[in-house]
Amino acid sequence: MSDKIEEKKEIRVWCDGCYDMVHFGHANSLRQAKALGDVLIVGVHTDEEISKHKGPPVFTQEERYKMVRAIKWVDQVVEGAPYVTTLETLDKYQCDFCVHGDDITVTADGIDTYHLVKSAGRYREVSRTAGVSTTDLVGRMLLLTREHFKRGDKEYTVALEHSSNLGTDSTARSPYTGCSQFLPTTQKIIQFSSGLSPKPTDKVVYVAGAFDLFHVGHLDFLEAAHAQGDFLIVGLHTDLEVNRYKGSNYPIMNLHERVLSVLACKYVHEVVIGAPYSVTADLMDHFRVGVVCHGLTPIANDADGSDPYTVPKQRGCFKTLNSGNTMTTEDIVNRIIRHRLEFEVRNTRKEQKEIAVMKVLQKTHLSQNGDCNGKADTSH
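Here's what I pulled together on the structure shown here. (Residues numbered from 1 in each chain as written. Predicted model: local features only at pLDDT ≥ 70, side-chain atom pairs only at ≥ 80, totals over all residues. Heavy atoms only, no water.)

**What to know about helix α13 (residues 329-338)**
Cut-off, in case you're wondering: Exposure is judged per residue with a 1.4 Å probe applied to protein chains only, and the accessible area is read against the type maximum: over 50% gives exposed, under 20% gives buried, and values in between give partly exposed. Put simply, DSSP H or I for four residues or longer makes a helix, DSSP E for two residues or longer makes a strand, and each gets a number counted from the N terminus. By definition, the arc is the one covered by directions from the helix axis to the C-beta atoms.
Buried within α13 are the following residues: Thr 329, Ile 332, Val 333, Arg 335 and Ile 336. Considered in projection along α13, the buried side chains sweep an arc of 150° and stay on one side of the axis.

Written out as C-alpha cells, the structure reads:
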C-alpha cells in the first residue's frame, strides 16, 4: 500500500433560488446543502426572472444577493443565476451536484426547473423546513392578525392557527405554498448555533431588539456592531414585549422564528432568547459585555417609563451606530401593503400551479403503481 495519503476531492455543491425575504427556512435548506459537501455556491435569480415565473419579489435583487451572502453556510453567491438549472451552470462553477428542498419549483410554463440536473443524476434533495414560507409571511402582513405569536401560558404552545388564506395548513391546501406549523426544538437551535464561547481576551458586544422579518437594515447594523469587538451577542425580545413597544400585529415572526433567522447570520455568535427589554447590570456582568450598541432608530422606554439603556450609559459603554442603512421592518410591511393585490395574485397563482403539478405527479404515480390487471387503483 502506498505511503502517500490520497488528497480528498473537494465536493462543491450548487443551490439556487429566489431567496425572497430570506428566512430561517432558506437558511436551513442551505445548511443541509452545505453538509453534503465542502463548498456551497448559491445562485440567486434576478427580479426580472422571478417576476416572469412567480410574480414580483418583495426584496430587490441587490438586497437578496446581500442577504444570501450573509448566511453563515454560504461560500459564494452567483448573481443572476438562470431560473432553470442547467448542467452548463454546474460545470461552470465546478459543482458536483445541485441541491434543493423537497418542494415543487416550476417555470411559468409549468416545467420542473430541475429536470435537466435530475436527468443527469446530479441532483440531491433535502427536507423543506416545515412551518415557514415567504407566502405565509406575506399573508401575515396582509391580514394584520396576531395569530402567529402566543400570549401568557400559551407562549410556548403550538396550535394549528392560520394567519391568512395565503398561508394555511398543509392538509387544507398546497403543502408547498401553504404553511404547516413550525415546531421549535432544541436540536434546531443547536444546528443553527455557532457553538462558540467568547475567549477571555474577547471584547463582547451586545445588541438587542425585535429583529423581525430579518432584512438588510438588520444585516448592516449587525455587521457594524460586529466590527466593534470580537464576539457579538444579540438579545431578542419576547413577542409580547415587541408588541408592547411596536403595537399592531408586530412581531410578524414569532420569537422562535426570529431566533433562527438571527442565528443564521454570519456576524452573530450567540442569541439571548427572550432578553429583558432593559439592559441590566446582571446581563452585562454575566456575559462580560464590553460595549452595548443601538442603531439610529428611536428607543422606546421600558414599561415603567425608564430608559432601557440606563446601565450601559452609566458605565460609559453605550454606543450609537450609524450603519448607513435606514431600512426598517415597517418599510418591508409597507412594500407589501402598497402592492397587496400584486402579491395576492402572485400567491394564488403560485398555489394553483403547484396543485396542478401535484395532480400530474399523482396521475404518474398511479399509472406506475396499477393493480395486477394493469389498471390504476383509484379507490383512495
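**Quick look at the sheet that holds strand β6 (residues 204-209)**
Counted only if it meets this: Following DSSP output, two strands are said to pair if at least two bridges run between them. Orientation is described by lines fitted to C-alpha atoms, with helices fitted over the stretch in contact, and by angles between N-to-C directions that extend from 0 to 180 degrees.
Spatial ordering of the open sheet is given by β8-β7-β6-β9-β10, a layout of 5 strands whose pairing is parallel. This sheet does not close on itself; its edge strands, each paired only once, are β8 (270-273) and β10 (318-320). Neighbouring strand axes in the sheet, compared pairwise and without regard to direction, differ in orientation by 25° on average. In the sheet, β6 pairs with strand β7 (residues 231-236) via 6 bridges, with the strands oriented parallel. Along β7, the bridge assignment pairs Gly 209 with Leu 236.

**Quick notes on the nonpolar core**
Buried together is how nonpolar side chains tend to be arranged in soluble globular proteins. For the record, the criterion: Take the buried Ala, Val, Leu, Ile, Met, Phe, Trp, Tyr and Cys residues and link them wherever side-chain atoms come within 4.5 Å; each set so joined is a nonpolar core.
Core analysis: the biggest nonpolar cluster contains 62 residues, and Val 42, Val 207, Phe 211, Leu 222 and Val 234 have the highest contact counts within it. Core analysis: the next-biggest nonpolar cluster, separate from the first, contains 14 residues, Tyr 206, Ile 233, Val 272 and Leu 283 among them.

**Some words on the sheet that holds strand β5 (residues 123-126)**
How we decide: When checking whether two residues touch, look at their non-hydrogen atoms; a contact exists if any pair is within 4.5 Å.
Strand order in the open sheet formed by 5 strands is β3-β2-β1-β4-β5, and the pairing between neighbours is parallel. The open sheet is flanked by β3 (76-79) and β5, the only strands paired with a single partner. Within the sheet, the average angular offset between the axes of one strand and its neighbour, ignoring direction, is 30°. Two strands pair when backbone bridges link them, and strand β2 (residues 39-44) and β3 are joined in this way by 4 bridges, in the parallel orientation. Across the sheet, the residue bridging to Val 42 is Val 77, located in β3. Helix-sheet contacts for helix α3 (residues 61-69) involve β2 and β3, and the interaxial angle to β3 is about 165°.

**A few points about the packing of aromatic side chains**
Quick note on the threshold: Aromatic pairs are defined between Phe, Tyr and Trp rings, using the six-membered ring for Trp, whenever the two ring centres lie within 6.5 Å; interplanar angles under 30 degrees are classed as stacked, those over 60 as edge-to-face, and all others as tilted.
Applying the stated criterion across every chain, the model contains 5 aromatic pairs. A centroid spacing of 5.6 Å and a plane angle of 25° characterise the contact between Trp 14 and Tyr 93, whose relative ring orientation is stacked. On the criterion of sequence distance, the pair formed by Trp 14 in strand β1 (residues 12-17) and Tyr 93 in the loop between α4 (87-92) and β4 (97-101) is long-range, its members being 79 residues apart. Given the relative accessible area of 0%, Trp 14 is considered buried. Centroid distance Tyr 245 to Tyr 277: 5.0 Å. Interplanar angle 35°. Geometry classified as tilted.

**Some points on the layout of surface pockets**
Worth spelling out the cut-off: The rule is simple: put a 1 Å grid over the protein atoms alone, call a set of points where a 1.4 Å probe fits but cannot get out a cavity, call an open set with protein on both sides within 12 Å along at least five of seven lines a pocket, and count a residue as lining if it has an atom within 4 Å of a point. Grid points are joined across faces, edges and corners, and a volume is the space filled by probe spheres set on the points. The classification used treats Ala, Val, Leu, Ile, Met, Phe, Trp, Tyr, Cys and Pro as nonpolar, Asp, Glu, Lys and Arg as charged, and all other residues, Gly among them, as polar.
Each pocket or cavity is described by its volume, and for the largest pocket that value is around 690 Å³. Lining the largest pocket are 31 residues; nearest its centre among them are His 218, His 294, Thr 297, Pro 298 and Thr 328. Looking at the lining of the largest pocket, the elements that each hand over two or more residues are β6, α8 (216-226), α9 (239-246) and α13. In terms of residue count, α8 provides more of the lining of the largest pocket than any other element does, 3 residues in total. Its residues placed into classes, the lining of the largest pocket shows 13 nonpolar, 15 polar and 3 charged.

**Here's the deal with the packing of α3 against α8**
Definition in use: Note that the term roughly parallel is reserved for angles under 35 degrees, roughly antiparallel for angles over 145, roughly perpendicular for angles of 65 to 115, and oblique for everything else. Should the near helix be turned anticlockwise from the far one by less than a right angle, the crossing is termed left-handed; should it be turned clockwise, right-handed.
Two numbers describe how α3 lies on α8: the axes approach to 10 Å, and their chain directions differ by 45°. Of the possible angle classes, the one that applies to α3 and α8 is oblique. As α3 runs across α8, the sense of the crossing is left-handed. Contacts between α3 and α8 involve Glu 63, Lys 66 and Met 67 from the former and Val 216, Leu 219 and Asp 220 from the latter. Broken down by class, the residue content of the contact of α3 with α8 amounts to 3 nonpolar, no polar and 3 charged.

**Describing the side chain of Thr 113**
Checked against the element boundaries, Thr 113 lands in the loop between β4 and α5 (115-119). The exposure class assigned to Thr 113 is buried, which follows from its relative accessible area of 1%. In this structure, Thr 113 is in contact with Tyr 83, Val 84, Thr 85, Thr 105, Val 106 and Thr 107, ignoring residues within four places of it in sequence.

**Looking at the pattern of salt bridges**
Condition: The term salt bridge refers to a side-chain nitrogen of Lys or Arg lying within 4 Å of a carboxyl oxygen of Asp or Glu.
By the definition in use, this model includes 16 salt bridges. Close ionic contact of Arg 64 with Asp 47 constitutes a salt bridge, the shortest N to O distance being 2.7 Å. Of the two residues, Arg 64 sits in helix α3 while Asp 47 sits in helix α2 (residues 47-53), which places them 17 residues apart along the sequence. Its relative accessible area of 22% is what places Asp 47 among the partly exposed residues. Residues Arg 258 and Asp 239 are paired through a salt bridge, measuring 2.9 Å at the closest nitrogen-oxygen approach. You can see Arg 258 sitting in helix α10 (residues 255-263) and its partner Asp 239 sitting in helix α9, a full 19 residues away along the chain. Judged by relative accessible area, Asp 239 falls into the buried class, the value being 4%. Put simply, Glu 241, Arg 244 and Asp 302 are held in one network by salt bridges that share partners.

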